[in-house]
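Structural overview
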Amino acid sequence: MIKVSDTAKKKVIELMTDDGFDASKDFVRVGVKSGGCSGLSYDLTFDKTQQENDKLFEENDVKIVVDKKSFLYLVGTTLEYSGGLNGKGFVFNNPNANRTCGCGESFSL
């Protein structure tokens, strides 16, 4: 399960609408890919199609799809949105990560 904070929910819905997606039926696709200064990086996109190997969650009125491989790395993660002085963007609070880079965009286990 991936949790979505209230601030992330508001921003997701705003961005989905701006990009022509319908937050009530389309998805936020969250994944993990190789790369970044810590070895793995997060990937967040919008999608209208659920794939065969996707797990579907609905959290805080946001539909999230995660492929099975990425799911293993993301169990228990909370998606946050930060709009503070240190920069704006989505932040993944991942309890499985034992090392993250300074910008928070990559991690290792």
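Below: a short report on this structure. Since this is a predicted model, take the numbers as computed values, not measurements.

Description of the packing of aromatic side chains
Under the counting rule described, the total for this entry stands at 4 aromatic pairs. Ring centres of tyrosine 42 and phenylalanine 92 lie 4.2 Å apart, and the angle between their planes is 15 degrees; this geometry places the pair in the stacked category. Placement of the pair is tyrosine 42 in strand β3 (residues 40-47) and phenylalanine 92 in strand β7 (residues 87-93), with a sequence separation of 50 residues. Exposure remark for tyrosine 42: the relative accessible area of 11% places this residue in the buried category. Judged by relative accessible area, which is 13%, phenylalanine 92 ranks as buried. On the basis of an interplanar angle of 20 degrees and a centroid distance of 5.6 Å, the ring pair of phenylalanine 57 and phenylalanine 71 is categorised as stacked.

Observations regarding unusual backbone geometry
Backbone geometry follows two general trends: most residues other than glycine have a negative phi, and most peptide bonds adopt the trans configuration. The phi dihedral of asparagine 60 falls on the positive side, at around 55 degrees, and the residue is not glycine. In this structure, asparagine 60 sits in the loop between β4 (54-59) and β5 (62-67). The phi dihedral of aspartate 61 is positive, around 65 degrees, even though this residue is not glycine. Checked against the element boundaries, aspartate 61 lands in the loop between β4 and β5.

Here's the deal with the environment of threonine 78
Its place among the elements puts threonine 78 in strand β6 (residues 78-84). The exposure class of threonine 78 is buried, given its relative accessible area of 18%. In this structure the C-alpha to C-alpha distance between threonine 78 and valine 4, which are 74 residues apart in sequence, comes to 5.6 Å. Those residues in contact with threonine 78 that lie beyond four places of it in its chain are Lys3, Ser5, Val91, Phe92 and Asn93.

Regarding the pairing of β5
Taken across its 6 residues, β5 has 5 buried, putting it largely inside the fold. Sheet topology places strand β2 (residues 27-34) next to β5; 2 bridges connect them, and they run parallel. Each bridged residue has a counterpart across the sheet, and for arginine 29 the counterpart in β5 is valine 65. As judged from the 6 bridges shared by β4 and β5, these two strands associate in the antiparallel manner. Of the residues in β5, the one forming a bridge with phenylalanine 57 is isoleucine 64. Hairpin geometry of β4 and β5 is characterised by an intervening segment of 2 residues between the two adjacent antiparallel strands and by a positive phi of about 55 degrees at asparagine 60.

Conventions we followed
Residues numbered from 1 in each chain as written. Predicted model: local features only at pLDDT ≥ 70, side-chain atom pairs only at ≥ 80, totals over all residues. Heavy atoms only, no water. Phe/Tyr/Trp six-rings, centres within 6.5 Å; stacked < 30°, edge-to-face > 60°. Helix = DSSP H or I, 4+ residues; strand = E, 2+ residues; numbered from the N terminus. Buried < 20%, exposed > 50% of the residue type's maximum accessible area, 1.4 Å probe, protein only. Contact = heavy atoms within 4.5 Å. Pairing = 2+ DSSP bridges.

None of this, on its own, says anything about what the molecule does.
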